[in-house]
Amino acid sequence: MRDAAPQTIYLADYTPFGFIIDSVALHFDLDPNKTRVKSTIAFRPNPDATDKTFFLHGENLKLISAAIDGNSVSPEITDSGLTCPVPDAPFVWESEVEIDPMGNTALEGLYMSNGMYCTQCEAEGFRKITYYPDRPDVMAVFTVTINGPHPVLLSNGNPVSASEHAAEWHDPWPKPAYLFALVAGDLVAHSGSFTTTSGRDVTLNLYVRPGDEGKCAFGMQALKDSMKWDEDVYGREYDLDLFNIVAVDDFNMGAMENKGLNVFNSSAVLASPETSTDMNFERIEAIIAHEYFHNWTGNRITCRDWFQLCLKEGLTVFRDSQFTSDMRSAPVKRISDVIDLRARQFPEDQGPLAHPVRPESFQEINNFYTATVYEKGAEVIGMLKLLVGDKAYSDALDLYFSRHDGQACTIEDWLRVFEDTTGRDLAQFKRWYSQAGTPHLSVTEEWDHGKLTLNFKQHTPPSGATPAPQPYLIPIAMGLIDQDGDEVEETVVLEMTQAEQSFVFDNLGTRPMASVLRGFSAPVVLTQDLSDADRAHLLAYDTDPFNRWEQGRTLARHSLTAMILEGKKPNKDWLKGIRAVISDEHLDPAFRALMLGLPSQSELARSLSEAGHTPDPDIIYAAVEATRAAMAKSYANLLPTVYMRHTVTDDYAPNAAQSGKRALANAALSLLTPTDGGTTAQTQYEGADNMTQQLNALANLIRAGRGSEALQAFEAQWKDDRLVMDKWFGLQVMEADPEEAHEVVETLTKHPDFNWKNPNRFRSVLGAFAGHHAGFHHASGAGYRLLADWLIKLDPVNPQTTARMCSAFQTWKRYDADRQALIKGELDRILSQPSLSRDTTEMLTRIAGV
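First, a word on scope: everything that follows refers to the structure included in this document. These numbers come from a predicted model, not from an experiment.

Let's talk about the overall build of the chain
Part 1: Within the chain, the secondary structure is distributed over 27 helices and 31 strands.
Part 2: Computed over C-alpha atoms, the radius of gyration of the chain comes to 27 Å, within 12% of the 29 Å expected from 2.2 N^0.38 for 850 residues, which places it in the range of a compact globule.
Part 3: In terms of its C-alpha atoms, the chain occupies a principal-axis envelope of roughly 85 × 65 × 60 Å.
Part 4: For the chain, the share of sequence-separated contacts (at least 6 apart) that also reach a separation of at least 24 residues comes to 70%.
Part 5: Total accessible area on the chain is roughly 31900 Å²; 49% of this is exposed by carbon and sulfur atoms.
Part 6: Separation between the mean location of the 76 positive side-chain charges and that of the 117 negative ones in the chain comes to 3 Å.

Topic: the packing of aromatic side chains
Part 1: On inspection of all chains with the given rule, the structure shows 47 aromatic pairs.
Part 2: When the centroid spacing of 5.9 Å and the interplanar angle of 85° are considered together, the rings of Phe19 and Phe91 count as edge-to-face. Of this pair, Phe19 sits in strand E2 (residues 19-29) while Phe91 sits in strand E9 (residues 91-99), placing them 72 residues apart in sequence. The same class applies to Phe19 and to Phe91, which are both buried.
Part 3: Ring geometry for Phe281 versus Tyr652: centroids 5.8 Å apart, planes at 40°, classification tilted. A residue pair is termed long-range when its members are at least 10 positions apart, and Phe281 in helix H2 (residues 278-293) and Tyr652 in the loop between helix H15 (639-645) and helix H16 (656-676) qualify at 371 residues.

Re the sheet that holds strand E19 (residues 242-248)
Part 1: The sheet built from five strands is open, its strands ordered E17-E18-E19-E21-E20 with mixed pairing. Edge positions in the open sheet fall to strand E17 (188-195) and strand E20 (255-256), since each of these has one partner strand only.
Part 2: With two bridges connecting them, E20 and strand E21 (residues 261-265) associate as antiparallel partners. The residue bridging Met256 from the neighbouring strand is Val263, located in E21.
Part 3: Sheet strands in contact with H2 are E19, E20 and E21, and its direction is about 150° off that of E21.

Quick word on the environment of Gly185
Part 1: On the secondary structure map, Gly185 appears in strand E16 (residues 182-185).
Part 2: Gly185 sits in the buried class, given a relative accessible area of 1%.
Part 3: As for Gly185 and Val152, which are separated by 33 residues in sequence, their C-alpha atoms are 5.5 Å apart.
Part 4: If we ignore the near neighbours within four places in the chain, the residues touching Gly185 are Met116, His150, Pro151 and Val152.

Examining the pattern of salt bridges
Part 1: Counted according to the given criterion, the structure contains 55 salt bridges.
Part 2: One salt bridge connects Arg722 with Asp212, and the closest N-O pair in it is separated by 2.5 Å. Taken together, the positions of Arg722 in helix H20 (residues 722-734) and Asp212 in the loop between strand E18 (201-208) and helix H1 (217-234) put the pair 510 residues apart, joining distant regions of the chain.
Part 3: Here Arg722 falls in the partly exposed class, since its relative accessible area comes to 27%.
Part 4: The partner of Arg645 in a salt bridge is Glu585, and the shortest N-O contact between them spans 3.2 Å.

Describing the pairing of strand E14 (residues 158-163)
Part 1: With five bridges joining them, E14 and strand E15 (residues 166-175) adopt antiparallel strand pairing. Its bridge partner lying in E15, Asn158 is registered against His170.
Part 2: What sits between the antiparallel neighbours E14 and E15 is a turn of two residues.

Regarding a negative patch on the surface
Part 1: Together, Glu625, Asp737, Glu739, Glu740, Glu743 and Glu746 give the surface a local cluster of negative charge.
Part 2: Among the structural elements, Glu743 can be located in helix H21 (residues 741-749).
Part 3: Judged by relative accessible area, which is 44%, Glu743 ranks as partly exposed.

A word on the environment of Phe401
Part 1: Structurally, the position occupied by Phe401 is in helix H6 (residues 390-404).
Part 2: Each C-alpha atom, one on Phe401 and one on His773, is 44 Å from the other, the two residues being 372 residues apart in sequence.
Part 3: Phe401 has contacts with Tyr234, Arg236, Trp296, Thr297 and Ile301, leaving out every residue within four places of it along the chain.

Re the packing of helix H10 (residues 545-566) against helix H11 (residues 572-583)
Part 1: Running from amino to carboxyl end, H10 crosses H11 at an angle of 150°, the nearest separation of the two axes being 10 Å. Comparing their axes, H11 and H10 come out roughly antiparallel. For H10 against H11, the interelement crossing comes out left-handed. Judged by residue contacts, Arg548, Gly552, Leu555, Ala556 and Ser559 of H10 engage Trp574, Ile578 and Val581 from H11.
Part 2: Across the contact of H10 with H11, the residue classes tally to five nonpolar, two polar and one charged.

Looking at the state of the cysteines
Part 1: The final tally for this structure, using the stated rule, is zero disulfides.
Part 2: Free cysteine: Cys121, not disulfide-bonded; nearest cysteine sulfur from Cys118 at 10 Å.

Let's talk about the packing of H16 against helix H18 (residues 691-703)
Part 1: Across the interface, H16 lies against H18 with an axial gap of 10 Å and an inter-helix angle of 15°. Comparing their axes, H18 and H16 come out roughly parallel. Note that H16 runs across H18; the crossing there is right-handed. For the pair H16 and H18, contact is made by Arg662, Asn666, Leu669, Ser670 and Thr673 and by Thr692, Gln693, Asn696, Ala697, Asn700 and Arg703, respectively.

A word on the sheet that holds strand E7 (residues 76-77)
Part 1: The three strands lie next to each other as E4-E8-E7, forming an open sheet whose pairing is antiparallel. Of all the strands in the sheet, the pair left with one neighbour each is strand E4 (55-57) and E7.
Part 2: One ladder, built from two bridges, connects E7 with strand E8 (residues 81-83); its direction is antiparallel. For Glu76, the partnering residue across the bridge sits in E8 and is Thr83.

Description of the nonpolar core
Most often, soluble globular proteins keep nonpolar side chains buried together rather than apart.
Part 1: By size, the foremost hydrophobic cluster in this structure holds 265 residues, and its most contacted members are Trp414 and Phe429.
Part 2: The element contributing the most residues to this core is helix H5 (residues 371-388), with nine residues.
Part 3: Leave out the neighbours within four places in its chain, and Phe429 touches Val380, Met383, Leu384, Leu387, Leu415 and Leu473.

So, how was this worked out
- Residues numbered from 1 in each chain as written.
- Predicted model: local features only at pLDDT ≥ 70, side-chain atom pairs only at ≥ 80, totals over all residues.
- Heavy atoms only, no water.
- Helix = DSSP H or I, 4+ residues; strand = E, 2+ residues; numbered from the N terminus.
- Rg over C-alpha atoms; globule rule 2.2 N^0.38 Å.
- Contact = heavy atoms within 4.5 Å.
- Areas by Shrake-Rupley, 256 points an atom, 1.4 Å probe, with all protein chains shown as cover.
- Lys, Arg positive; Asp, Glu negative; His and termini not counted.
- Charge placed at Lys NZ, Arg CZ, Asp CG, Glu CD.
- Phe/Tyr/Trp six-rings, centres within 6.5 Å; stacked < 30°, edge-to-face > 60°.
- Buried < 20%, exposed > 50% of the residue type's maximum accessible area, 1.4 Å probe, protein only.
- Pairing = 2+ DSSP bridges.
- Axes fitted to C-alpha atoms, helices over the stretch in contact; angles between N-to-C directions.
- Salt bridge = Lys/Arg side-chain N within 4 Å of Asp/Glu carboxyl O.
- Patch = residues over 30% accessible without salt bridge, like charges linked within 9 Å, V, L, I, M, F, W, Y side chains within 5 Å.
- Parallel < 35°, antiparallel > 145°, perpendicular 65-115°, else oblique.
- Left-handed = near helix turned anticlockwise from the far one by under 90°.
- Nonpolar A, V, L, I, M, F, W, Y, C, P; charged D, E, K, R; others polar.
- Disulfide = S-S within 2.5 Å.
- Core = buried A, V, L, I, M, F, W, Y, C linked by side-chain atoms within 4.5 Å.

Right under this line is the structure:
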């Protein structure tokens, strides 16, 4: 039977919980199928609440007993929780429940992963552990006792006592239930220490399964670097004696910031040169930083309700981006973030899943852990910092931490500290939080005897979430470059507040070119009336690295669009401009590697759709392949030199310098392969001593039609390493010919190591397939049917992963009528399933528009 009809929850309906919790004591007797959880909770009436109903959330719980002040009670129980009459005075609630961790395949609450107990409580998983007011504005001090036959028994906070089969933990910092964590299992610790600025000695542990000890050193160093950076940049010290991280194989997300006990997807923390790529190392460094930074922006100050999710996530994503920029290359990080934003968030903002950074309503909160909340939320923080300046931003953050420490806050609280610090009225800026959609910004120029006038217009397409968008406050960073390539106006920040607004630059000698939206100063779609020759000039001379890359990207998109729509050849001026950049040894190799990249096929489809054309995935694929062939031919005499010059021969290190060189060498390798038939790739594969080189070589061998033997050898070498095998599965999908992609996926799903219940493995195959634009959108509809089949199979087991995978269908209305009909048929088929989860039902009804 289908889950109960989803209930829509509205921000406007928020009311505080009727009771305050003074303390929580939990006692766990662990058993794979019959874990007992006893809770003792001290409640008292909340004088600020108007609704005094005593309701505790609870799902899939077997109530054994319940008592108030020692007297047994019989609460009224529903599928979502319980209610019970309570005194109008302080009282102690006691209950005992039984739960089934082994049967918890949804991986929310307390569950088992390969014999290890672990928890995931954000957003609403704690209600699957015991009856409790499972909402972020209810904060309490927890004491936890764990009994179980396991050598390692962990929870939040500091250890109080431990014996052979029992442990007690106490977390002195009040927290909401979503930050609760418990881990029990046969684990080994990679230990370290950190001394805070004030002199507190903190013990650090990274717990892993036996055999993974050799993959911990980088994660430990990343944690120490994060702790030091947060002290230096934000003045935030760690506040417990212990910080634990646990690596878990079965995990729906990347990691979780539980107070003092972070639980990580093993792919987000385990790393070694032999098994991890440079991109893996950078991702791990960023995720560890992100979760650690949550200690203040998420834990010490949390969100009042789940509508305020962007308060902790947008701010923390911005902070981890700052960290990566400082640890590595700021321009490269910025470009990479924008590529990701356009690939993931722009389609969300422009389709049926559009919602404001702070939504007004939801049915299932798990479906709002989105690129809009995270990545666009971070862009909003970046704009705010740009508008007020570095000093005011720092002062406002200090005020935020001092004013709201220990509180559950709102976006209004956040913006008020900036208003109080700067004296600015941020009412218009707040629209970035309340309106959905990506603003379209256009600029035209007028030149008159030394005076340049820039005429800007902004327009945000209406959506169901925001039918009538109002003008935003848009910070536009820009400069001016003259005909000789000199900068005649350094970066200034214009503040656009109206639908149409002009800015004048005078006393100019000759007409310059406007370098607009430097650093991607606002998450908008920019249209600027520049000729391809003007863009080539900015590509060569712009002093802003992002805009230099942007001009190259735009020229590439123009060239590809002309190929797709008019059958033209690749633009020779663009090819020439890129050649000059990749030949410039004064430039960062990582930046030059990005310059060799092309717009994704999905990005091209979106661009064509926005221009009123119906994208054809087959024609887009052919144009991209033809462009790659033209690049290989045009740079044939340059690529061997670039490849050899940037092939690293020193001992492997995952630092920015070496990673940048490998990125450029492998970008060159991908263009060498079509001309040498994979000879260079074969040599690299045979001599590779790290996963970056081995995996890139393997990808090129597949493209050259020489991958069969290498794939077998790779599998034989790495069959016992689950994370490397995820790469093996995913690579075959990503590199598949579009005509064969669905067959490759079907074959891989029959492989004995395809454990579809493991989120990492499922995503490595089906997630990669959804990202294979031409293969997934094959005209036969085979790709749509295949993904729908697997979503139907996965949903009863893991609704959260299923719902997130449904986003593969969100752009369906941009394609031709035949493809739309095929997709709509699959959406209807999934929705017709009698036991479809709330998570998946909400996602698909929004996507299908029903």
